[in-house]
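Here are the chains, one letter per residue:
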Amino acid sequence: IDDLAEVDYTLNSLPAVFQPFIDLDLKGIVYPAGKYTGLPYVAAPFTIPNQSNSMLYLAFSEYFFQTFSFAYYTAGAFNITIAEETCSYFNISTEIFGSIIPEVAKYSVTPYPVVLKLMATEIPIISLEQDSFTVEIQGSMEVFAVLPDSTTQLLFTINTAANTSIALNIFDQKLMGSLCLNRLQFSLAHSNVGFFEISLLENVLSYILQTEVIPSANAKLSKGFPLP
């Protein structure tokens, strides 16, 4: 698929040939690149409803997408760093955070650039729905000030819970998706600047995720996923 993951479409059994159709039972397992063991899921058998309006019907189980989630989580694909030089819409700094959170302004009088480190703390949970699936992502966000000597100083850590949905479509023999952020929840996990109400930050953090993380994810999803 890419540098992080590989997909196995090996046949599980011989093709089953019937008068009106042929059944192909494929594995459909996504692995971290070069690692082919240790998946924490068990595939459940399923059948495709009898239909005859098209020449080809292709069905994916929830198991397939769970292995996709596991492979990319294991490879660190859900870990993202946002820095001043990579932020497209505004420069993130202690001055910006200090204007929202008085404790940051007291802690860092001199304005410093800020680095945000986002990471998934659990394997994202996938649930299939009609023409799409939802992804529940539990994670954390560490906010660092970048000092003049290029070292970093942790300001605070936030727990995050994101509910997203991915709409699916097939184009040019590839499975493609489009990610939409449905809901975000934040809670303060740790602070070196003192306690503050996390609600003060919700709008700016949501904006950063909507303008930086979601477009980046959609750019990757738009490249498509090879079909058998």
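It should be emphasised that the depicted structure is a prediction, and the values quoted were computed from it without experimental measurement.

**Examining the confidence of the model for the chain**
Across the chain, the average pLDDT comes to 87, with 97% of residues at or above 70. Model confidence for the chain, summarised as mean pLDDT per element, is weakest for strand S11 (residues 225-226) at 84 and strongest for strand S6 (residues 114-120) at 93.

**What to know about the domain arrangement of the chain**
Here the chain is described as being made up of domain 1 (1-76) and domain 2 (78-227). Between domain 1 and domain 2, the C-alpha centre-to-centre distance is 30 Å. Interface of domain 1 and domain 2: buried area, both sides summed, is about 1500 Å²; carbon and sulfur atoms make up 74% of it. Summed over the shared surface of domain 1 and domain 2, the number is zero salt bridges. Joining domain 1 to domain 2, the criterion identifies seven residue pairs in polar contact (both at pLDDT 80 or more). At nine residues, the largest contribution of residues to the side of domain 1 that touches domain 2 is made by helix H1 (residues 62-74).

**Focus on the environment of lysine 27**
When you line up the elements, lysine 27 lands in the loop between strand S3 (22-23) and strand S4 (29-32). With 18 residues separating them along the chain, lysine 27 and tyrosine 9 place their C-alpha atoms 5.2 Å apart. In this structure, lysine 27 is in contact with Asp8, Tyr9, Thr10 and Asn12, ignoring residues within four places of it in sequence.

Conventions and cut-offs
Residues numbered from 1 in each chain as written. Predicted model: local features only at pLDDT ≥ 70, side-chain atom pairs only at ≥ 80, totals over all residues. Heavy atoms only, no water. pLDDT = per-residue confidence, 0-100. Helix = DSSP H or I, 4+ residues; strand = E, 2+ residues; numbered from the N terminus. Domains from an automatic or database assignment. Buried area = accessible area lost by both parts, 1.4 Å probe. Salt bridge = Lys/Arg side-chain N within 4 Å of Asp/Glu carboxyl O. Polar contact = N/O pair within 3.5 Å; in protein donor to acceptor, adjacent residues only side chain to side chain. Contact = heavy atoms within 4.5 Å.

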